[in-house]
Amino acid sequence: MTFCLFRIQSFPKLWKSNSYLPLGPRHSYLCLFMADSCGIRKQPRWFSLKTISSQNTKATNLVANSRYLRKYNGNDNQVPSDSLHFFSAGAAKKRSQMNSQSKDHDLPPVRNTIQLPTQPLNSEEWDKLKADFKGRSFESWIISQMAHDRSPVDVAKSLLAWVAAKNNGIVAYDLLVKYLHLCVIHKQTSEVIDVYEIMKARYKILDSGGYTLLIRGLIQSDRWKEAFLLLEDLKKVMTPSRKNYDDCIQGALLHQDVNTAWNLYQELLGHNIIPMLETLKAFFDFGKDIKDDNYSNKLLDILLYLRNNQLYPGESFAHSIKTWFESVPGKQWKGQFTTIQKSGQCSGCGKTIESIQLSPEDYEFLKGRIMRDVIDGGDQYRKTTPQELKRFENFVKSCPPFDIVIDGLNVAKMFPKARESKLLLNVVSQLAKQNLRLLVLGRKHMLRKSSQWRKDEMEEVQKQARCFFADNISKDDPFLLYATLHSGNHCKFITNDLMRDHKACLPDANTQRLFFKWQQGHQLAIINGFPGSKLTFQHILSYDTVVQTTGDSWHIPYDEDLVERYSYEVPTKWLCLHRKT
Ligand SMILES: [Zn+2]
């Protein structure tokens, strides 16, 4: 199929194509007839568009600014604070709520004082509004505001008509794109097609924002197949985004074109793009009307993809998965939403969830990776000096394996009201009573007498634990990771730091997932260690929160709509699926 660049169909409503006058190979004019139905003027007028020769058209020349302003309607629900695990969904948000009494989240944006019109305006009214405007480019400013505020399409259209009337029918690209944005969000398909025709006639290539909007708008229309051609055009400029693929896949499924949908999905994975969960959900939603083993196997592959990439479906996606399983004929799947007990047993079916402990192979692999990438990685000089790293390695190798490695500074600063050395001593002496071999990592400044660091208390710490004091400029968490991993799989570490930076240093999703799993199984976070009170740790989960199957059962953790989960937390709700026997 080829583009019909110059064949403009009659524009149905407001913008009508009256005639089209080719003026030679380099320039042609597309003249659009503008009727008065949007209240601009009594007289009809011309709205002409000049096609630009390919030499003049470069994507880089076009205004590439069409950001989509998606409003986040976050529900500020309250999460019960008790029973929330350190790594549980919602726990971080709760912690931050407890830590900050008042935080101004939304500062009011600096706004020009002009009020956006709610009705289409005529030329005189637009002229007047522009005269009141105190900024530089009135047209760009007002269309941006309208796009932001989701103004009605007819109001934006009256603006464009006014601009076109003043500029010999030319409307700048950025105005056109923002108008398109409004048409797409208001699902005005016929307007989308009109703008599509204008853009096709005027530009050989668009910027990614223009393509993205056109794809999104067209996929809903009866000209949905042209969205795939736009995707091809976009690929010539850049790798399409996961949202571009989502739009095309959803559109293909909407029009029952299953093969195209799967092909696009494969292509997306081939680009190493993580698909949107909406895309995956669409395959499950579509799947409940399809009785085909090949299709079913592809859905099971999607579940394994979620497992391998540590992804969790949202609540409605979990419902779609449940519905699909229960729709498979002859298999008798039964799904229920449930939780996992502390013991690691599913409250629904009683099966034991996979252990959080790493297999010996995974452990060795992760240890090797962390040593290489986090500790002696390319930027080791920023964290420590090679001399100090060597000194530390020799120190660790000279000691028998530790049971617990303590991040001294982090522990000491846990309760701002207590003296730092006293807090550290309290934690160390309570653990030493349990005959645990302890390593305390600290900085040299902790040994210098100060109001926070008393000499006698530090001497007591050194009697009860092995200590290593790094230079004051070193980052201590690489030492923490090294000493813990070197001591073996039994060794735990104490810090309330989440070490997200280190996870980010790791090279691939699989290693990051192993690190996260190891961290959940080995990190002790203190919830109470105030001097004089009993030391208590956050309970360590015994099971791994990940999509998993035994063949005749599936357990799928999912995110609840109303719980905001940070990337280092895991969901607490599960979908349990098993076959009735
Ligand atoms: Zn179960």
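Note that the structure is predicted; figures quoted are calculated from it, not measured.

Caption draft 1: Fine view of the coordination of the zinc ion. The protein atoms that coordinate the zinc ion are Cys346 (SG), Cys349 (SG), His555 (NE2) and Cys576 (SG), at distances of 2.0 to 2.4 Å. Coordination at the zinc ion is tetrahedral: its 4 donor atoms span angles of 103 to 115° at the metal. All donors of the zinc ion belong to a single chain; written as a sequence motif, their spacing is C-x2-C-x205-H-x20-C. On the criterion of sequence distance, the pair formed by Cys346 in the loop between strand 4 (333-338) and helix 14 (360-375) and Cys576 in strand 14 (residues 573-579) is long-range, its members being 230 residues apart. Overall, the relative accessible area of 2% leaves Cys346 in the buried class. Cys576 sits in the buried class, given a relative accessible area of 0%.

Caption draft 2: Molecular detail of helix 2 (residues 123-132). Among the residues of helix 2, Ser123, Trp126 and Leu129 are the ones counted as buried. Each buried residue of helix 2 sits inside an arc of 125° when the element is viewed along its axis, so together they form one side. Seen from the buried face of helix 2, the exposed residues on the opposite side, beyond 90 degrees, are Glu124, Lys128 and Ala131. Taking the backbone nitrogen of Glu124 as reference, a side-chain oxygen 3.1 Å away marks Asn122 as the first, capping residue of helix 2.

Caption draft 3: Highlighting the nonpolar core. In this structure, Trp126, Ile142, Met146, Met199, Phe283, Leu303 and Ile321 are the most contacted members of the largest nonpolar core, which totals 87 residues. Top element by residues in this core is helix 5 (residues 173-185). It accounts for 9 residues. Contact partners of Ile321, with chain neighbours within four places excluded, come to Phe284, Leu303, Pro313, Ile556, Leu575 and Leu577. Met371, Leu441, Leu481 and Ala483 belong to the second-largest nonpolar core, a separate cluster that totals 29 residues.

Caption draft 4: Inspection of helix 8 (residues 225-237) at higher detail. Buried within helix 8 we find Glu226, Ala227, Phe228, Leu230, Leu231, Asp233 and Leu234. Residues of helix 8 that are buried sit in contact with helix 6 (189-202), helix 7 (208-218), helix 9 (242-254) and helix 10 (258-270).

Caption draft 5: Just unusual backbone geometry, in detail. One non-glycine residue with positive phi stands out, namely Arg150, at about 55°. Along the polypeptide, Arg150 turns up in the loop between helix 3 (138-149) and helix 4 (153-166). Unlike most non-glycine residues, Gln332 shows phi in positive territory, near 60°.

Caption draft 6: The arrangement of the packing of helix 10 against helix 11 (residues 277-287) in detail. At a closest axis distance of 12 Å, the pairing of helix 10 and helix 11 adopts a crossing angle of 155°. In terms of orientation, helix 10 lies roughly antiparallel with respect to helix 11. The two elements helix 10 and helix 11 meet at a crossing, and its hand is left-handed. Residues Val258, Ala261, Trp262 and Tyr265 of helix 10 form the contact with helix 11, whose own contacting residues are Leu280, Phe283 and Phe286. Per-class residue counts for the contact of helix 10 with helix 11 are 7 nonpolar, no polar and no charged.

Caption draft 7: Just the pattern of salt bridges, in detail. Within this structure, the stated rule accounts for 30 salt bridges. With a shortest N-O distance of 2.7 Å, Lys281 and Asp285 are connected by a salt bridge. Remark: Asp285 and Lys281 occur in helix 11; sequence separation between them is 4 residues, near one turn of the helix. Across the pair Asp559 and Arg565 runs a salt bridge, and its minimum N-O distance is 2.6 Å. According to the relative accessible area criterion, Asp559 is buried, its value standing at 16%. Here the salt bridges do not stand alone but share partners, grouping Glu197, Lys200, Arg223 and Glu226 into one network.

Caption draft 8: Up close: the sheet that holds strand 6 (residues 438-443). Spatially, the 5 strands line up as an open sheet ordered 7-6-5-8-9, and their pairing is parallel. The sheet terminates laterally at strand 7 (466-470) and strand 9 (523-524), the two strands that pair on one side only. Here strand 8 (residues 492-494) pairs with strand 9 via 2 bridges, running parallel. In the strand pairing of strand 9, Ile494 is matched with Leu524. Strands in contact with helix 18 (residues 420-432) are strand 5 (404-407), strand 6 and strand 8; relative to strand 6, the strand with the most contacts, it is inclined by about 165°. Along the sheet, helix 19 (residues 455-464) makes contact with strand 6 and strand 7, crossing strand 7 at roughly 125°.

Caption draft 9: Here's a closer look at the packing of aromatic side chains. Overall, the coordinates contain 28 aromatic pairs when judged by the stated rule. Ring plane angle 25° and centroid distance 5.8 Å describe the contact between Trp126 and Trp162, whose orientation is recorded as stacked. In this pair, Trp126 sits in helix 2 while Trp162 sits in helix 4, placing the two residues 36 residues apart along the sequence. We note that Trp126, like Trp162, is buried.

Caption draft 10: Molecular detail of the sheet that holds strand 14. Here 4 strands make up an open sheet; going across it, the order is 4-14-13-12 and the pairing antiparallel. The sheet terminates laterally at strand 4 and strand 12 (548-549), the two strands that pair on one side only. Bridging between strand 12 and strand 13 (residues 553-558) involves 2 bridges; their strand directions are antiparallel. Of the residues in strand 13, the one forming a bridge with Gln548 is His555. Docked against the sheet, helix 13 (residues 315-327) engages strand 4, strand 13 and strand 14, running at close to 160° with respect to strand 4.

Rules behind the numbers
- Residues numbered from 1 in each chain as written.
- Predicted model: local features only at pLDDT ≥ 70, side-chain atom pairs only at ≥ 80, totals over all residues.
- Heavy atoms only, no water.
- Donors = N, O, S within 2.8 Å, 3.2 Å for Na, K, Ca; no water.
- Tetrahedral: all angles 85-135°; square planar, octahedral: opposite > 155°, others 65-115°.
- Helix = DSSP H or I, 4+ residues; strand = E, 2+ residues; numbered from the N terminus.
- Buried < 20%, exposed > 50% of the residue type's maximum accessible area, 1.4 Å probe, protein only.
- Arc of directions from axis to C-beta.
- Polar contact = N/O pair within 3.5 Å; in protein donor to acceptor, adjacent residues only side chain to side chain.
- Core = buried A, V, L, I, M, F, W, Y, C linked by side-chain atoms within 4.5 Å.
- Contact = heavy atoms within 4.5 Å.
- Axes fitted to C-alpha atoms, helices over the stretch in contact; angles between N-to-C directions.
- Parallel < 35°, antiparallel > 145°, perpendicular 65-115°, else oblique.
- Left-handed = near helix turned anticlockwise from the far one by under 90°.
- Nonpolar A, V, L, I, M, F, W, Y, C, P; charged D, E, K, R; others polar.
- Salt bridge = Lys/Arg side-chain N within 4 Å of Asp/Glu carboxyl O.
- Pairing = 2+ DSSP bridges.
- Phe/Tyr/Trp six-rings, centres within 6.5 Å; stacked < 30°, edge-to-face > 60°.

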